[in-house]
Amino acid sequence: MFLAMNRFRIALGKEEAFVEHWRKRESYLSEVPGFISFNLLRAQPNEEYTLFASHTVWASEQAFADWTQSAAFRKAHMAAGQSPRDFYLGPPQLELFEAVL
(Lines give C-alpha, C1' and ligand atoms only; values in the text may rest on other atoms or scores of the structure.)
Protein backbone atom coordinates (compact mmCIF):
# COMPACT_ATOMS: atom_id res chain seq x y z
CA MET A 1 0.00 0.00 0.00
CA PHE A 2 1.15 3.54 -0.80
CA LEU A 3 -0.11 6.87 0.56
CA ALA A 4 0.14 10.31 -0.99
CA MET A 5 -0.64 13.43 1.01
CA ASN A 6 -0.68 17.09 0.12
CA ARG A 7 -0.58 19.38 3.14
CA PHE A 8 -2.23 22.79 2.76
CA ARG A 9 -1.89 25.81 5.03
CA ILE A 10 -5.26 27.58 4.83
CA ALA A 11 -5.91 31.15 5.96
CA LEU A 12 -7.99 31.47 9.10
CA GLY A 13 -11.61 32.12 8.23
CA LYS A 14 -11.24 30.51 4.78
CA GLU A 15 -11.60 26.89 5.90
CA GLU A 16 -15.21 26.39 4.79
CA ALA A 17 -14.52 27.89 1.35
CA PHE A 18 -11.56 25.50 0.99
CA VAL A 19 -13.68 22.49 1.99
CA GLU A 20 -16.46 23.54 -0.40
CA HIS A 21 -13.91 23.88 -3.21
CA TRP A 22 -12.81 20.26 -2.62
CA ARG A 23 -16.41 19.07 -2.24
CA LYS A 24 -17.26 20.39 -5.72
CA ARG A 25 -14.00 19.30 -7.36
CA GLU A 26 -14.11 16.31 -9.71
CA SER A 27 -11.05 14.16 -9.02
CA TYR A 28 -11.58 11.31 -11.53
CA LEU A 29 -9.76 9.06 -9.06
CA SER A 30 -12.33 6.31 -9.43
CA GLU A 31 -11.23 5.94 -13.07
CA VAL A 32 -7.67 5.02 -12.09
CA PRO A 33 -6.55 1.42 -11.49
CA GLY A 34 -4.99 0.97 -8.05
CA PHE A 35 -6.84 3.86 -6.35
CA ILE A 36 -8.25 2.76 -2.98
CA SER A 37 -9.52 5.79 -1.06
CA PHE A 38 -9.46 9.56 -0.54
CA ASN A 39 -9.93 11.73 2.54
CA LEU A 40 -9.61 15.44 3.18
CA LEU A 41 -8.32 15.93 6.72
CA ARG A 42 -8.52 19.07 8.87
CA ALA A 43 -6.31 19.75 11.90
CA GLN A 44 -7.07 22.15 14.71
CA PRO A 45 -6.18 25.73 13.73
CA ASN A 46 -3.19 27.47 15.21
CA GLU A 47 -2.62 31.23 15.46
CA GLU A 48 -1.58 31.48 11.80
CA TYR A 49 -3.52 28.91 9.74
CA THR A 50 -5.51 25.70 9.64
CA LEU A 51 -3.67 22.69 8.30
CA PHE A 52 -5.50 20.41 5.86
CA ALA A 53 -4.22 17.28 4.14
CA SER A 54 -5.56 15.50 1.09
CA HIS A 55 -4.88 11.82 1.70
CA THR A 56 -5.04 9.17 -1.02
CA VAL A 57 -4.38 5.47 -0.62
CA TRP A 58 -3.07 3.43 -3.54
CA ALA A 59 -2.46 -0.26 -4.13
CA SER A 60 1.19 0.50 -4.93
CA GLU A 61 3.65 3.28 -5.62
CA GLN A 62 3.41 2.36 -9.31
CA ALA A 63 -0.38 2.88 -9.23
CA PHE A 64 0.19 6.39 -7.82
CA ALA A 65 2.89 7.12 -10.42
CA ASP A 66 0.56 5.92 -13.18
CA TRP A 67 -2.15 8.30 -11.86
CA THR A 68 0.23 11.26 -12.13
CA GLN A 69 0.77 10.44 -15.82
CA SER A 70 -2.87 9.70 -16.63
CA ALA A 71 -5.54 11.58 -18.54
CA ALA A 72 -7.61 11.49 -15.33
CA PHE A 73 -4.84 13.40 -13.50
CA ARG A 74 -4.70 16.01 -16.25
CA LYS A 75 -8.50 16.43 -16.18
CA ALA A 76 -8.54 16.72 -12.37
CA HIS A 77 -5.82 19.38 -12.36
CA MET A 78 -6.86 21.25 -15.52
CA ALA A 79 -8.83 23.89 -13.61
CA ALA A 80 -6.30 24.22 -10.79
CA GLY A 81 -5.10 27.56 -12.09
CA GLN A 82 -8.67 28.86 -12.11
CA SER A 83 -9.48 27.93 -8.51
CA PRO A 84 -9.59 30.61 -5.81
CA ARG A 85 -6.17 31.22 -4.31
CA ASP A 86 -7.05 33.53 -1.44
CA PHE A 87 -7.36 30.65 1.03
CA TYR A 88 -3.85 29.23 0.42
CA LEU A 89 -0.88 30.43 2.48
CA GLY A 90 1.73 29.01 0.12
CA PRO A 91 1.98 25.95 -2.11
CA PRO A 92 0.93 22.48 -0.95
CA GLN A 93 3.58 20.17 0.47
CA LEU A 94 3.55 16.70 -1.10
CA GLU A 95 4.45 13.79 1.17
CA LEU A 96 4.66 10.17 -0.03
CA PHE A 97 4.61 7.11 2.20
CA GLU A 98 5.09 3.39 1.72
CA ALA A 99 3.15 1.24 4.19
CA VAL A 100 5.62 -0.93 6.09
CA LEU A 101 3.29 -2.63 8.58
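Structure's up top.
My aim in this report is to walk through the structure given alongside it, one point at a time. (Residues numbered from 1 in each chain as written. Predicted model: local features only at pLDDT ≥ 70, side-chain atom pairs only at ≥ 80, totals over all residues. Heavy atoms only, no water.)

## Quick word on the overall build of the protein
Logical step 1: From N to C terminus, the protein includes three helices and four strands.
Logical step 2: Counting helices and strands in the order they occur from the N terminus, the protein gives β-α-β-β-α-α-β.
Logical step 3: On C-alpha atoms alone, the protein measures out to a radius of gyration of 14 Å, which is about the 13 Å that the 2.2 N^0.38 rule sets for 101 residues.
Logical step 4: Dimensions along the principal axes, computed over C-alpha positions, put the protein at roughly 40 × 35 × 20 Å.
Logical step 5: Pairs at least 24 apart in sequence give 73% of the contacts found in the protein among residues at least 6 apart.
Logical step 6: Working note: accessible area of the protein is about 6600 Å², and carbon and sulfur atoms make up 54% of it.
Logical step 7: Looking at charge distribution, the protein has the averaged site of its 10 positive side-chain charges lying 6 Å from that of its 12 negative ones. (Helix = DSSP H or I, 4+ residues; strand = E, 2+ residues; numbered from the N terminus. Rg over C-alpha atoms; globule rule 2.2 N^0.38 Å. Contact = heavy atoms within 4.5 Å. Areas by Shrake-Rupley, 256 points an atom, 1.4 Å probe, with all protein chains shown as cover. Lys, Arg positive; Asp, Glu negative; His and termini not counted. Charge placed at Lys NZ, Arg CZ, Asp CG, Glu CD.)

## Here we look at the side chain of Ser54
Logical step 1: Tracing the backbone shows Ser54 in strand β3 (residues 49-58).
Logical step 2: Residue class for Ser54 comes out buried when judged on its relative accessible area of 8%.
Logical step 3: In contact with Ser54, not counting residues within four places along its chain, are Ala4, Met5, Asn6, Phe8, Trp22, Phe38, Asn39 and Leu40. (Buried < 20%, exposed > 50% of the residue type's maximum accessible area, 1.4 Å probe, protein only.)

## Considering the nonpolar core
Logical step 1: Ranked by size, the top nonpolar core spans 10 residues in total: Phe2, Ala4, Leu29, Val32, Trp58, Ala63, Phe64, Trp67, Ala72 and Ala76.
Logical step 2: Among the secondary structure elements, those contributing two or more residues to this core are β1 (2-11), α2 (61-68) and α3 (71-77).
Logical step 3: No other element matches α2, which puts three residues into this core. (Core = buried A, V, L, I, M, F, W, Y, C linked by side-chain atoms within 4.5 Å.)

## Let's talk about helix α1 (residues 15-24)
Logical step 1: Looking at α1, one finds that the buried residues are Glu15, Phe18, Val19 and Trp22. Around the axis of α1, the buried residues are gathered within 95 degrees of arc, so they sit on the same side. Away from its buried face by more than 90 degrees, α1 exposes Glu16 and Lys24.
Logical step 2: Buried residues belonging to α1 abut β1, β2 (35-42) and β3. (Arc of directions from axis to C-beta.)

## Observations concerning the pattern of salt bridges
Logical step 1: Applying the stated criterion across every chain, the model contains six salt bridges.
Logical step 2: Taking the shortest distance from any N to any O, the salt bridge between Glu20 and Arg23 comes out at 2.9 Å. Here Glu20 pairs with Arg23, and both are found in helix α1, just three residues apart, close to one helical turn.
Logical step 3: With a relative accessible area of 30%, Glu20 lands in the partly exposed category.
Logical step 4: Note on Arg23: relative accessible area 59%, which makes it exposed.
Logical step 5: The shortest N-O distance in the salt bridge between Lys24 and Glu20 comes to 3.8 Å. One end of the pair, Lys24, and the other, Glu20, are both in helix α1, four residues apart, so they sit about a helical turn from each other.
Logical step 6: Residue class for Lys24 comes out exposed when judged on its relative accessible area of 66%.
Logical step 7: One continuous salt-bridge network, built from bridges that share partners, spans Glu20, Arg23 and Lys24. (Salt bridge = Lys/Arg side-chain N within 4 Å of Asp/Glu carboxyl O.)

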